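Survey of secondary and tertiary structure
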Amino acid sequence: MVEPGSTLAGRSMWAWGQLLAQVGGHGWIWGPNGGGRWHTGIAVGVTAIAGIALAATILISAQRGGLKSPWSGRKKKNPLTKQEWQSFFTPEGKLAEGGTRFLKKARSSGVHMEIRAEVWPFLLGVYDLQSSEDDRNDVRKTNRGDFLLLRKKCLEASVFKIKEEEVSEVPQIENEPNPVSAEGEEPITSEDIPTTTSSLSSEITNLDPVPSELPIDSNASVSNNSNQEMLDRKPSLGLPDTNNEDKSDLTHADSSDSESSIDQAPKSVESELNNTAAKEEAARSRKTDEDFATWQRIIRLDALRANAEWVPFSPTQAAVSKETAVQLADTVGLQDYDHLEPYRIYHASRLVSILEAYAMYDPEIGYCQGMSDLLAPIITVIEEDYEAFWCFVGFMKKARHNFRLDEVGIRRQLNLVAKIIKCKDQRLFRHLEKLQAEDCFFVYRMVVVMFRRELTFEQTVSLWEVMWADQAARRAGLGGSAWGPIKLDAPPTDDLLLYAIAASVLQKRKVILESYSSMDEIIRECNSMAGQLNVWKLLDDAHDLVVTLHDRIE
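Residues numbered from 1 in each chain as written. Predicted model: local features only at pLDDT ≥ 70, side-chain atom pairs only at ≥ 80, totals over all residues. Heavy atoms only, no water.

As annotated in an unreviewed UniProt entry, the chain is Ypt/Rab-GAP domain of gyp1p superfamily protein from Rhynchospora pubera.

This is the structure we're talking about:
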């Protein structure tokens, strides 16, 4: 006989059995193990009610954790097409419904390769979702000028030999020697560049103060093996400070309050303070120059080592002539490229151009290994350097925390991955604790370069598009009623990548539990995942984690 306290269906049958045991009359049948007599007519009703109860149990279970993933059945769906993309715009060139329908589609199905160059600037925040075509034309013009000013600064500060004729004027850093401007725009010349750098300066001013320490040991610039191994092994946290200067000595206020207090000081004190400020500014400038020279060397090493996985996805760049490739290499001062094919020279030169500009734009971060991994897919899809640069800036608004010297951003993300695993699978987490791997440092590389080395090119950009769509939805405040059914399935999250990383570890739980007895073995397992992951299954599992754990984790 079914005991109370088992399943919902079992409890229903038990209650009916107790009731029927007290009913007299003809047509009784004995329950299981003599547990009571049931009337044959009522027995049919009991069976029907038990079936209804069982269905209710399944429904309740589904509502609690079995919601349909926006990525389930992905193979039956098509990515966002050009026709669909164009249908999202109003006659004024604005995205309908504030971009909600567009983001839902991009989040669930990705973007077709032929329109990625048009779509990505929206996903990465280069263009506002509410912008009109006129607004975007203004943004493009400003962005081109600002990028060329950054490139001019890079050339002036470069420690590498640049042709004199390239330094004397603002270079045309485009995809061809005589670039064709975007449709409807006049070719940009040095006269088109703003005479002031107000737009550019405002961006740089908003960044955190420049740190005194280098982002990477300058000796690393001559060691290929040590550079490569940095992302392949567990990192050593708490890197030694490469400069023992007191950072507080290199900061000085320039606010109106500080100025007014100086004005009130005696002249001798004022003079001393001015001299001190000048010395500090000079020291800061020298330090920045040293940093930039180091970043330039490392950028070139990484650019020359970049792989050619992107080639099938950009036939135009793959077919570039040697003359064009060499001319661009000379423009950015790239050397030692004789062993490379023209398309790889061209690709490496574009990496140098944009990464140097970013180091100048964001001197707190500068350049660190792994950033070239993040940029490579962007310049493959977007052929205009200035557009690729600003898309990279949009990407780095979240990713830059992966490259901070204090590693606060990395620690937070690793802690979140560990928390997800602990909440989802206590047994696996206890095993990680025994191996002293509960800090989840074995997924360090996945976090830093965002699965770039674990997934194929197409898988990588598909995952990133979904991640960017989530982040764009959060920026736009879409997460309530405007998000509709997707909100009911899984709310947009800034940390979808981390749920996917946790999902990849949980997919390997069996082998980790049964076969691995050290963290080094887990590191090797994670580093060998390349080509073995199904990105849509990964997203489906990540979705399940978001649904079940989001409210407890975030």
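Text resumes after the structure shown.
What to know about the overall build of the chain
Tallying secondary structure elements over the chain gives 25 helices and two strands in all. Within the chain, buried positions represent 47% of all 554 residues. When the accessible surface of the chain is summed, it comes to about 27000 Å², and 51% of that surface belongs to carbon and sulfur atoms. (Helix = DSSP H or I, 4+ residues; strand = E, 2+ residues; numbered from the N terminus. Buried < 20%, exposed > 50% of the residue type's maximum accessible area, 1.4 Å probe, protein only. Areas by Shrake-Rupley, 256 points an atom, 1.4 Å probe, with all protein chains shown as cover.)

What about the side chain of Glu-454?
Relative to the helices and strands, Glu-454 resides in the loop between α19 (444-449) and α20 (457-475). Within the structure, Glu-454 has its side chain in polar contact with the side chain of Arg-445 (distance 2.7 Å). Contact partners of Glu-454, with chain neighbours within four places excluded, come to Arg-445, Met-446, Cys-526, Met-529, Ala-530, Gly-531 and Leu-533. (Polar contact = N/O pair within 3.5 Å; in protein donor to acceptor, adjacent residues only side chain to side chain. Contact = heavy atoms within 4.5 Å.)

A short note on the nonpolar core
Note that soluble globular proteins tend to have their nonpolar side chains buried in a common cluster. With 132 residues, the main nonpolar core has Phe-102, Phe-442 and Val-443 as its most contacted residues. With eleven residues, helix α14 (residues 342-361) is the single largest residue contributor to this core. Once residues within four sequence positions are removed from consideration, Phe-102 is found in contact with Leu-80, Trp-85, Phe-88, Leu-95, Val-119, Phe-122, Leu-123 and Leu-129. (Core = buried A, V, L, I, M, F, W, Y, C linked by side-chain atoms within 4.5 Å.)

Brief notes about the side chain of His-347
Among the structural elements, His-347 can be located in helix α14. Other than its neighbours up to four places away in sequence, His-347 contacts Ala-306, Trp-310, Ala-376, Ile-379 and Thr-380.

What about the packing of aromatic side chains?
Inspection of every chain in the model, using the stated rule, returns 17 aromatic pairs. Where Phe-389 meets Trp-390, the ring centres are 4.9 Å apart and the plane angle is 80°; that geometry is what we call edge-to-face. Judged by its relative accessible area of 0%, Phe-389 is buried. For Trp-390, a relative accessible area of 7% gives the class buried. By way of ring pairs, the aromatic residues Phe-147, Tyr-358, Tyr-361, Phe-389, Trp-390 and Phe-392 are connected into one cluster. Here the guanidinium or amino end of Arg-300 rests over the ring plane of Phe-160, the centre of that ring lying 4.1 Å away. (Phe/Tyr/Trp six-rings, centres within 6.5 Å; stacked < 30°, edge-to-face > 60°. Lys NZ or Arg CZ within 6 Å of the ring centre and 35° of its normal.)

A short note on a negative patch on the surface
The grouping of Asp-128, Asp-134, Asp-135 and Asp-138 at the surface amounts to a negative patch. By the element assignment, Asp-134 lies in helix α6 (residues 133-157). (Patch = residues over 30% accessible without salt bridge, like charges linked within 9 Å, V, L, I, M, F, W, Y side chains within 5 Å. Salt bridge = Lys/Arg side-chain N within 4 Å of Asp/Glu carboxyl O. Lys, Arg positive; Asp, Glu negative; His and termini not counted. Charge placed at Lys NZ, Arg CZ, Asp CG, Glu CD.)

Some thoughts on the pattern of salt bridges
The final tally for this structure, using the stated rule, is 25 salt bridges. Between Glu-465 and Arg-116 there is a salt bridge; the shortest N-O distance is 2.6 Å. Pair noted here: Glu-465 is in helix α20 and Arg-116 is in helix α5 (residues 116-123), with a separation of 349 residues, a long-range link. Three or more residues joined by partner-sharing salt bridges are found here, namely Asp-362, Glu-364, Arg-400, Arg-404 and Asp-406.

Brief notes about the environment of Ala-500
Positionally, Ala-500 belongs in helix α22 (residues 496-506). It is 9.1 Å that separates the C-alpha atoms of Ala-500 and Val-417, two residues lying 83 residues apart in sequence. If near-sequence neighbours (up to four positions away) are discounted, Ala-500 is found in contact with Phe-451, Leu-538 and Ala-542.

A closer look at the environment of Glu-383
Inspection of the secondary structure puts Glu-383 in the loop between α15 (371-381) and α16 (385-399). Assessed through its relative accessible area of 29%, Glu-383 is described here as partly exposed. Note: C-alpha distance between Glu-383 and Thr-316 (67 residues apart in sequence) is 9.0 Å.

A word on unusual backbone geometry
For Cys-440, which is not glycine, the phi dihedral falls at a positive 60°. Of note, Cys-440 is situated in the loop between α18 (426-434) and α19. Unlike most non-glycine residues, Met-450 shows phi in positive territory, near 55°. Note on placement: Met-450 falls in the loop between α19 and α20. Met-450 sits in the buried class, given a relative accessible area of 6%.

Digging into the confidence of the model for the chain
When pLDDT is averaged along the chain, the result is 74; 61% of the residues meet or exceed 70. Long-range and interchain partners of residues 1-38, a stretch whose pLDDT sits below 50, account for 53 contacts in this model, where long-range means more than four residues apart. Note that pLDDT drops below 50 for residues 232-267; the model gives that stretch 43 contacts with residues more than four away or on any other chain. (pLDDT = per-residue confidence, 0-100.)

Points about α16
Its 15 residues place the ends of α16 20 Å apart at the C-alpha level, agreeing with the 21 Å of an ideal helix rising 1.5 Å per residue. Within α16, twelve of the 15 residues are buried, which leaves it mostly tucked inside the rest of the structure. When α16 is considered as a whole, its buried residues turn out to be Asp-385, Tyr-386, Ala-388, Phe-389, Trp-390, Cys-391, Phe-392, Val-393, Gly-394, Phe-395, Met-396 and Ala-399. As for α16, its buried residues are in contact with α5, α6, α14, α15 and α20. (Expected span 1.5 Å × (residues − 1).)

Some points on the packing of α5 against α15
Where α5 contacts α15, the axes come no closer than 9 Å and their chain directions differ by 130°. Judged by the angle between their axes, α5 and α15 are oblique. Across from Arg-116, Ala-117 and Trp-120 in α5, the residues of α15 making contact are Pro-377, Ile-378 and Val-381. (Axes fitted to C-alpha atoms, helices over the stretch in contact; angles between N-to-C directions. Parallel < 35°, antiparallel > 145°, perpendicular 65-115°, else oblique.)

Section: the environment of Phe-442
Tracing the backbone shows Phe-442 in the loop between α18 and α19. Judged by relative accessible area, Phe-442 falls into the buried class, the value being 3%. Note: C-alpha distance between Phe-442 and Leu-414 (28 residues apart in sequence) is 9.3 Å. Look past the residues within four positions of Phe-442 in its chain and what remains in contact with it is Leu-432, Ala-437, Val-505, Met-519, Ile-522, Ile-523 and Cys-526.

Remarks on α5
With six of its eight residues buried, α5 lies for the most part within the structure. Where the residues of α5 are buried, they touch α3 (82-87), α4 (100-109), α6, α15, α16 and α20. Residue Gly-125 follows α5 closely and has a positive phi angle near 80°.

Considerations on the packing of helix α17 (residues 408-424) against α22
The geometry of a pair of packed helices is captured by two quantities: the angle between their axes and the separation between those axes. In contact at an axis separation of 9 Å, α17 and α22 are set at 50° when each is read in the N-to-C sense. With respect to their mutual orientation, α17 and α22 come out oblique. Once α17 is placed against α22, the crossing between them reads as right-handed. Here Arg-412, Gln-413, Leu-416, Val-417, Ile-420, Ile-421 and Lys-424 of α17 lie close against α22, whose contacting residues are Leu-498, Tyr-499, Ile-501, Ala-502, Val-505 and Leu-506. Per-class residue counts for the contact of α17 with α22 are ten nonpolar, one polar and two charged. (Left-handed = near helix turned anticlockwise from the far one by under 90°. Nonpolar A, V, L, I, M, F, W, Y, C, P; charged D, E, K, R; others polar.)

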